[in-house]
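Observations on chain architecture
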Amino acid sequence: MSNTQLSAFSHATSGVAPGNLVLAIAGVLAVIYLIWLAWLAHAQLVAWQTGQAVFYDLLLTILRGAVVALLLGFLVR
């Protein structure tokens, strides 16, 4: 961004720099996908404990969720 654009952006957002805004958005997205991963692991653990899934399903689903979380973390920031 040019200096004019940076100045206009800072004035429009009450002094928030674009880099800080991007970091805040990335942080919110990281919290969302980490909560999703925790929910996924909990749901699979409950399914395994109640006999609705085998241990292999539990392991495979959590690993796939972890890979998705790692890819999202890489792409977001």
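Refer to the structure above for everything that follows.
So, here's what we can say about the structure. (Residues numbered from 1 in each chain as written. Predicted model: local features only at pLDDT ≥ 70, side-chain atom pairs only at ≥ 80, totals over all residues. Heavy atoms only, no water.)

**Some words on unusual backbone geometry**
Condition: Strands here are runs of E lasting at least two residues and helices are runs of H or I lasting at least four, both read from the DSSP assignment and numbered beginning at the N terminus. Partly exposed describes any residue whose relative accessible area lies between the buried limit of under 20% and the exposed limit of over 50%, with all areas from a 1.4 Å probe on protein chains only and scaled to the type maximum.
For S14, which is not a glycine, the phi torsion comes out positive at approximately 60°. Note on placement: S14 falls in the loop between helix 1 (3-12) and helix 2 (18-49). For S14, a relative accessible area of 74% translates into the label exposed.

**Focus on a nonpolar patch on the surface**
We count it as follows: Nonpolar side chains (Val, Leu, Ile, Met, Phe, Trp, Tyr) are joined into patches within 5 Å and like charges within 9 Å, using only residues with over 30% relative accessible area and no salt bridge. Working definition of accessibility: Shrake-Rupley area with a 1.4 Å probe, residue cover restricted to the visible protein chains. Here, a salt bridge means any side-chain nitrogen of Lys or Arg that lies within 4 Å of a carboxyl oxygen of Asp or Glu.
On the surface, V16, L21, I25, V28, L29, I32, W36, W39, V68, L72 and V76 cluster together into a nonpolar patch covering about 930 Å² of accessible area. Of all the secondary structure elements, the ones that give two or more residues to the nonpolar patch are helix 2 and helix 3 (55-76). The element contributing the most residues to the nonpolar patch is helix 2, with 7 residues.

**Considerations on helix 3**
What counts is decided by this rule: Take the number of residues in a helix, subtract one, and multiply by 1.5 Å to get its expected span. Note that the arc is defined by the directions from the helix axis to the C-beta atoms. Contact criterion: two residues are considered in contact whenever any of their non-hydrogen atoms come within 4.5 Å of each other.
A rise of 1.5 Å per residue sets the reference length of helix 3, with its 22 residues, at 32 Å; its end C-alpha atoms lie 31 Å apart and thus fit the reference within 8%. All of the buried residues along helix 3 are L58, T61, G65 and A69. Each buried residue of helix 3 sits inside an arc of 75° when the element is viewed along its axis, so together they form one side. Turned more than 90 degrees away from the buried face of helix 3, the exposed residues are Y56, R64, L70, F74 and L75. Tucked inside the fold, the buried residues of helix 3 contact helix 2.

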